[in-house]
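Coordinate analysis (summary)
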Amino acid sequence: MDQPRTMFAHVLSVRGVAVVVTNHRVQPLPMRPEKGSGKGVIVCQACGGQFLVTVQSRDRTTARRVRYFVLGLIGLALGALLLWLSFDVAIQPDGPDSDLDTDVASWLAYTGIAGVLLPIFGLGYLSNARRYDGVGNLRRVSEDGTRFVRASGHKLLPSK
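A cluster of nonpolar side chains, namely V66, F69, V70, L73, I74, L78, L81 and W84, defines an oily patch on the protein surface of about 730 Å² accessible area. On the secondary structure map, V70 appears in helix α1 (residues 58-90). The class for V70 is partly exposed, based on a relative accessible area of 38%.

It is generally the case that most residues other than glycine have a negative phi and that most peptide bonds are trans. Of note in this structure, N137 is not a glycine but carries a positive phi near 55°. If you trace the backbone, N137 turns up in strand β5 (residues 135-141). Residue class for N137 comes out partly exposed when judged on its relative accessible area of 46%.

For the rest of this paragraph, the subject is the environment of C44. Within the secondary structure layout, C44 lies in the loop between β3 (37-43) and β4 (50-56). Residue classification places C44 among the buried residues on the basis of a relative accessible area of 2%. It is 9.2 Å that separates the C-alpha atoms of C44 and R25, two residues lying 19 residues apart in sequence. For C44, the contacting residues outside a window of four places in its chain are F8, H10, Q27, G49, F51 and H154.

Definitions and limits used
Residues numbered from 1 in each chain as written. Predicted model: local features only at pLDDT ≥ 70, side-chain atom pairs only at ≥ 80, totals over all residues. Heavy atoms only, no water. Patch = residues over 30% accessible without salt bridge, like charges linked within 9 Å, V, L, I, M, F, W, Y side chains within 5 Å. Areas by Shrake-Rupley, 256 points an atom, 1.4 Å probe, with all protein chains shown as cover. Salt bridge = Lys/Arg side-chain N within 4 Å of Asp/Glu carboxyl O. Helix = DSSP H or I, 4+ residues; strand = E, 2+ residues; numbered from the N terminus. Buried < 20%, exposed > 50% of the residue type's maximum accessible area, 1.4 Å probe, protein only. Contact = heavy atoms within 4.5 Å.

Structure (structure tokens):
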């Protein structure tokens, strides 16, 4: 069992207009479970509120990071392939084809759009694979046990 890098934070103050400066009081999250995922209860040291947070095991966190990495690489590779195909068909060695079939023209538009969007999604998955820590779903718990979606004044601070 180990400690997640993400920290639980109570927002103390927020200042600024163009540049926002936020002061937090941070505390560590519960330890990771051996297998699967577990919910841990956190009591805020600043206000005494109770919160419920989901923490994934080390194996699940690693599996999800690998999945994000593979999806990112697939998105980049498919985007490069589609862009290459669309430019390879549109640009002929003897000049552009003036009587281009409408079916081929629509195919070029679809592959061009997908060839631009897939690398964007691929880069998003790659950056998420690097940052994912296996922590999520911060919920406030009231005295009667009701869970709230919003945890105003509190947040999870990812590690840098």
